[in-house]
Amino acid sequence: RRIIGHDLTLTGSLRITTTDTLFAGLLSPLLANFRQRYPEITLEVAISNQLQSLSRREADIAIRPTRNPPETLVGRKVSDIALAIYGQKTHWQNTPLPLDLASLQTENWIDPDVHLGDATLEKWMMGKSVAYKLDSMLGMQSAVRHGAGIAVLPCYRGDADEALLRLSDPVEVLTTQLWLLTHPDLRHVARVRAFMEAMTEGVRGQ
């Protein structure tokens, strides 16, 4: 990493790790634009809901939703990510909205699996009637689309899905942040800095 840290050219490869939800709902067009701007930088994207190790060079940059970024990494908070409760539109379209959270307590819920790593959401879901669990927000969204139950989803995904309906106001205690993270030894690498700037500009411009 220390050798790579002295690389001041806009060439080479970058290994990015992010979640399926962020890639599908936010990052894919931004990464395509980055490739057009910097054709000599090759992107290797690892889509996983498990945080890969930046210290072992499993990835150079992590783009992650988190409330507590690891202290061993450096980076920047790009934006807040609001979450709300969503249901299948055809089932809920004649219901006055937004609904009070207490009125949804006994509905069938789609629960995030522990491997998603959101302890705050897991705690918030305690006591609810769970239909089944998924280890992917994208999978949860698909399950809601097909009427399997209701779920907490990021608003940038739920609001954009014509098959879904937002049933509640954003749940403030579940708001998380979108972070761009890298290892301290890589923060001055030209292609890392260029990528950080491009993603920050792209996300905040949407």
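Use the structure listed above.
Residues numbered from 1 in each chain as written. Predicted model: local features only at pLDDT ≥ 70, side-chain atom pairs only at ≥ 80, totals over all residues. Heavy atoms only, no water.

1. Comments concerning the environment of Gly 158
Note the threshold: The helix and strand labels rest on DSSP assignments: H or I over at least four residues marks a helix, E over at least two residues marks a strand, and numbering proceeds from the N terminus. The contact criterion used is simple: two residues touch if any of their non-hydrogen atoms lie within 4.5 Å.
With respect to the helices, strands and loops of the structure, Gly 158 is situated in helix H5 (residues 155–158). Leave out the neighbours within four places in its chain, and Gly 158 touches Tyr 86 and Leu 164.

2. Concerning the pattern of salt bridges
This is how it is decided: By salt bridge we mean one thing: a side-chain nitrogen of Lys or Arg within 4 Å of a carboxyl oxygen of Asp or Glu. Type-normalised accessible area, obtained with a 1.4 Å probe on protein chains alone, sets the label of each residue: buried when under 20%, exposed when over 50%, and partly exposed for intermediate values.
Taken as a whole and assessed by the stated rule, the structure comprises seven salt bridges. Between Asp 161 and Arg 145 there is a salt bridge whose closest N-O contact spans 2.5 Å. One end of the pair, Asp 161, is in the loop between H5 and strand E9 (164–166); the other, Arg 145, is in helix H4 (residues 137–145), with 16 residues separating them in the sequence. Overall, the relative accessible area of 7% leaves Asp 161 in the buried class. Arg 166 is the salt-bridge partner of Asp 159, the closest N and O atoms lying 2.5 Å from each other.

3. Observations regarding the pairing of strand E10 (residues 176–182)
As a reminder, the rule being used: DSSP calls a pair of strands paired once it identifies at least 2 bridges connecting them.
Among the seven residues of E10, seven are classified as buried, and the element is accordingly described as predominantly covered. Across seven bridges, strand E4 (residues 74–81) lies against E10 in antiparallel orientation. Considered in E10, the bridge of Asp 80 is made with Gln 177.

4. A look at the nonpolar core
Heads up, the rule is: What we call a nonpolar core is a set of buried Ala, Val, Leu, Ile, Met, Phe, Trp, Tyr and Cys residues that are connected through their side-chain atoms within 4.5 Å.
Ranked by size, the top nonpolar core spans 53 residues in total, and within it Phe 34, Ile 63, Trp 124, Phe 195 and Met 199 carry the most contacts. Counting residues per element, this core draws most heavily on helix H6 (residues 190–204), at seven residues. Residues within four places of Trp 124 in sequence aside, it is in contact with Ile 85, Leu 101, Trp 109, Val 152, Val 171, Val 173 and Leu 174.

5. Considering the pairing of strand E7 (residues 130–134)
Basically, it comes down to this: We call a crossover right-handed when, viewed with both strands directed away from the observer, the connection leading from the first strand over the helix to the second proceeds clockwise.
Of the pairings in the sheet, the one linking strand E6 (residues 109–112) to E7 comprises four bridges and is parallel in character. Across the sheet, the residue bridging to Trp 109 is Val 130, located in E7. Handedness of the E6-helix H3 (residues 119–124)-E7 crossover: right-handed.

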